[in-house]
Amino acid sequence: MKSMTKLKRMLANRRFEKLFKIGLKKNKISYFEFEIFEKLKGYQYGGCPLNVLIGSRRLSDGKCYDRSMTLTFIFNDCVLVNGDLSRYAKTRGDEKFDHSWVEVGNFVYDTTWGMKFDKKIYYKLMGVKINKKQTTAQMMQNEWYVEQKQSKLEDNLSFIDITAPLFIAILETELKEYERQENKYYIELTISLIQYSRELLEMPEVKELVRKKEEFLKNMEMVV
C-alpha cells in the first residue's frame, strides 16, 4: 500500500514538473513584475509595508489568504479566488490543498510562489477546484475591506521603528540564500526591499516618533 502511494506521488511530481517546465519555456509562468512591488509601496496591512510582506518569501509563505487579499489593493479590476489545488496536493501526498490567489484578466498572481501564471496553465498545472471568489466590485461593498485598502502606510507609522529592523534582519538572511542560489531576480528584489525598509526609518515622521518615545523614557521619574 505504501509503495503504491509513493508511486502515485512520484508520478504526480513528474507530471507537475513537466507542465511547470513547459509553462516556463512558453513564457506562461514568470516571477511577479517589479512594477507590482512599486505599486505596493505606500500600502500597509497591520502597520506593515505590503511590498515587504509580499516580496519576502518567509513573510508570505503560508499566508496566502491574507497576502492574496492585500495584493488585490493595487488592481482596479480583479478576482480574489479561494479553492483546492487538487493536482498540486498529490505532489505532497495529500488529498487537498486549500489555497487563495488573485486573477487579473487571463493571469493568476500567486503570492505563495511569488509568480504570475497564464490562467489556463495554472488551472491545468494545479488542478483547480474553485470554492469561492469575489470581484473587485463585490469586495468594495465590504466596509472592512475598503478600510484596509484605503489605509496608507504613512497614516500608521507608530511601530515602524520596531518592525522595520525586524524586516531588514529577515530580508538580509534571505538575501544570503538567494546569493548562494545565484537567483538574480530575488537578489535584486530583496536588495530593493532592504533599502526601502531603511528609508522608512529615515522618514522625518518616524524620527520624530522615536524622539518623543526616547524623551518620554528619559524623563521618567526614578521611583525610590
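Up top you'll find the structure we're talking about.
These numbers were taken from a predicted model, which means no experiment stands behind them.

The rules behind the values
- Residues numbered from 1 in each chain as written.
- Predicted model: local features only at pLDDT ≥ 70, side-chain atom pairs only at ≥ 80, totals over all residues.
- Heavy atoms only, no water.
- Helix = DSSP H or I, 4+ residues; strand = E, 2+ residues; numbered from the N terminus.
- Buried < 20%, exposed > 50% of the residue type's maximum accessible area, 1.4 Å probe, protein only.
- Areas by Shrake-Rupley, 256 points an atom, 1.4 Å probe, with all protein chains shown as cover.
- Lys, Arg positive; Asp, Glu negative; His and termini not counted.
- Charge placed at Lys NZ, Arg CZ, Asp CG, Glu CD.
- Pairing = 2+ DSSP bridges.
- Axes fitted to C-alpha atoms, helices over the stretch in contact; angles between N-to-C directions.
- Contact = heavy atoms within 4.5 Å.
- Disulfide = S-S within 2.5 Å.
- Patch = residues over 30% accessible without salt bridge, like charges linked within 9 Å, V, L, I, M, F, W, Y side chains within 5 Å.
- Salt bridge = Lys/Arg side-chain N within 4 Å of Asp/Glu carboxyl O.
- 1 Å grid on protein atoms, 1.4 Å probe; cavity = no way out; pocket = protein on both sides within 12 Å on 5 of 7 lines; lining within 4 Å.
- Points joined across faces, edges and corners; volume = space filled by probe spheres on them.
- Nonpolar A, V, L, I, M, F, W, Y, C, P; charged D, E, K, R; others polar.
- Phe/Tyr/Trp six-rings, centres within 6.5 Å; stacked < 30°, edge-to-face > 60°.

**Let's talk about the overall build of the protein**
Moving on, step 1. The secondary structure content of the protein amounts to twelve helices and eight strands.
Moving on, step 2. Seen along its three principal axes, the alpha-carbon backbone of the protein occupies a region of about 75 × 45 × 40 Å.
Moving on, step 3. Here the protein holds 224 residues, and 44% of them are scored as buried.
Moving on, step 4. Summing over all exposed atoms, the protein offers an accessible surface of approximately 13,800 Å²; the carbon and sulfur share of this is 53%.
Moving on, step 5. Put simply, the protein has 39 plus and 32 minus side-chain charges, and the middle of one group is 12 Å from the middle of the other.

**Some remarks on the sheet that holds strand 5 (residues 98-104)**
Moving on, step 1. Taking strand neighbours across the sheet as the criterion, the six strands line up as 1-7-6-5-4-8 in an open arrangement whose pairing is antiparallel. Unpaired on one side and paired on the other, strand 1 (29-31) and strand 8 (128-135) mark the two borders of the sheet. Geometrically, the sheet is characterised by an average inter-axis angle of 30° between neighbouring strands, direction not taken into account.
Moving on, step 2. The sheet contacts of helix 7 (residues 119-126) involve strand 1, strand 4 (79-85), strand 5, strand 6 (107-110), strand 7 (115-118) and strand 8, and relative to strand 7 the element is tilted by about 95°.

**Notes on the state of the cysteines**
Moving on, step 1. Enumeration according to the criterion identifies zero disulfides in this entry.
Moving on, step 2. Its sulfur unpaired, C78 is 16 Å from the next cysteine sulfur, which belongs to C64.

**Remarks on the pairing of strand 5**
Moving on, step 1. Counting buried residues along strand 5, six of its seven residues qualify, which places the element largely inside the surrounding structure.
Moving on, step 2. Bridge analysis of strand 4 against strand 5 gives six bridges, and the strand direction is antiparallel. Bridge pairing in strand 5 places G83 opposite H99.
Moving on, step 3. The turn linking strand 5 back onto strand 6 is made up of two residues, and G105 within it adopts a positive phi angle of 60°.

**A few points about a nonpolar patch on the surface**
Moving on, step 1. Judged by side-chain polarity, F159, I162 and L166 come together as a nonpolar surface patch covering roughly 320 Å² of accessible area.
Moving on, step 2. Within the fold, L166 resides in helix 10 (residues 160-181).

**Brief notes about the layout of surface pockets**
Moving on, step 1. Computed from the structure, the second largest pocket encloses a volume of approximately 190 Å³.
Moving on, step 2. Lining the second largest pocket, in full, are Y65, M69, L80, N82, S100, K132, K133, Q134, M139, N142, W144 and Y145.
Moving on, step 3. Of all elements in the fold, only helix 5 (64-71), strand 4, strand 8 and helix 9 (143-150) reach the threshold of two or more residues within the lining of the second largest pocket.
Moving on, step 4. Among the elements that make up the lining of the second largest pocket, the one with the highest residue count is strand 8 (three residues).
Moving on, step 5. Across the lining of the second largest pocket, the residue classes tally to six nonpolar, four polar and two charged.

**A look at the packing of aromatic side chains**
Moving on, step 1. Following the criterion strictly, the structure yields 14 aromatic pairs and no others.
Moving on, step 2. For the pair F73 and Y145, a centre-to-centre distance of 5.6 Å together with 70° between the ring planes defines the contact as edge-to-face. Taken together, the positions of F73 in the loop between helix 5 and strand 4 and Y145 in helix 9 put the pair 72 residues apart, joining distant regions of the chain.
Moving on, step 3. A residue is classified by how much of its surface remains accessible, and F73, at 2% relative accessible area, is buried.
Moving on, step 4. Note on Y145: relative accessible area 3%, which makes it buried.
Moving on, step 5. Consider the rings of Y88 and W113, whose centres lie 5.0 Å apart with planes at 85°: the pair is edge-to-face. With Y88 in helix 6 (residues 86-91) and W113 in the loop between strand 6 and strand 7, this pair connects stretches of sequence that are 25 residues apart.
Moving on, step 6. Y88 gets classed as buried once you look at its relative accessible area, which sits at 14%.
Moving on, step 7. Since its relative accessible area comes to 21%, W113 is described here as partly exposed.
Moving on, step 8. Among the aromatic residues, those joined into a ring-pair cluster are Y31, F34, Y178, Y185 and Y186.

**Quick word on the side chain of T190**
Moving on, step 1. In this fold, T190 is placed in helix 11 (residues 184-201).
Moving on, step 2. In contact with T190, not counting residues within four places along its chain, are L171, L175 and Y178.

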